[in-house]
Amino acid sequence: MQLVCHLVLLCCFVFSAVSGRPVELSWKDCTNPWDKGNLTSVSWVPAHPATGENITATAHGYIKEQVVGGTFEMTLTINNAPIWRHRGPLCGYSHFELPQGLVQVSTDGLTCPAKPGPFKATTSVVISNSSPRGGSIVSFLSKDTHGNNLVCVEMFVVS
């Protein structure tokens, strides 16, 4: 009987580690009217994501001036305290991880030089099944080579 109980617990643990727990996502545009771009939408696939699976977020917006390069800054905030920050190139592909592999991030930024007009940028994220439960805010701010703000988005994540 004890062996059966251990096997059932092991199966439950394996199933929960594989299937992950639900992740709730929402977003807010934090771009100012005087910034050099604006954000029109952010969507993600799958529509009902879970930890341990690839979540692809796609941002659509509009650039007001040509962008030849720049940087982005991503900040993770928990309980109103920024706990992690990463800077990377605005143009092209970038990949980075949070410590201990809790989150893996891959971004396909702008194709530069980017002409004024609509843009699309994608970011793929995998939140580890071992990541802490709770809520967090991920802020993403992009700037051109002159330091002018382009677009800003805050993603609210609950897992």
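Basis of the calculations
- Residues numbered from 1 in each chain as written.
- Predicted model: local features only at pLDDT ≥ 70, side-chain atom pairs only at ≥ 80, totals over all residues.
- Heavy atoms only, no water.
- pLDDT = per-residue confidence, 0-100.
- Helix = DSSP H or I, 4+ residues; strand = E, 2+ residues; numbered from the N terminus.
- Contact = heavy atoms within 4.5 Å.
- Buried < 20%, exposed > 50% of the residue type's maximum accessible area, 1.4 Å probe, protein only.
- Pairing = 2+ DSSP bridges.
- Axes fitted to C-alpha atoms, helices over the stretch in contact; angles between N-to-C directions.

1. Some points on the confidence of the model for the protein
Argument step 1. Summing up the model confidence of the protein, the mean pLDDT is 85 and the portion of residues at 70 or higher is 88%.
Argument step 2. Per-element confidence in the protein ranges from a low mean pLDDT of 36 for helix 1 (residues 2-19) to a high of 95 for strand 2 (residues 37-45).
Argument step 3. Note that residues 1-18 has pLDDT below 50 and, in this model, two contacts with residues that lie over four places away or in other chains.

2. Section: the side chain of T107
Argument step 1. Structurally, the position occupied by T107 is in strand 7 (residues 103-108).
Argument step 2. Look at T107 and you get buried, because its relative accessible area is 6%.
Argument step 3. Other than its neighbours up to four places away in sequence, T107 contacts F72, G92, Y93, S94, T122 and T123.

3. Comments concerning the sheet that holds strand 2
Argument step 1. Across the sheet, which stays open at both edges, the five strands sit in the order 2-3-8-7-6 with antiparallel pairing between neighbours. With one partner strand each, in any of the chains shown, strand 2 and strand 6 (93-97) form the two edges of the open sheet. Averaged over all neighbouring strand pairs, the angle between strand axes comes to 15 degrees, with direction disregarded.
Argument step 2. Pairing geometry for strand 7 and strand 8 (residues 117-127), over six bridges, is antiparallel. Bridge pairing links V105 to V125 in strand 8.

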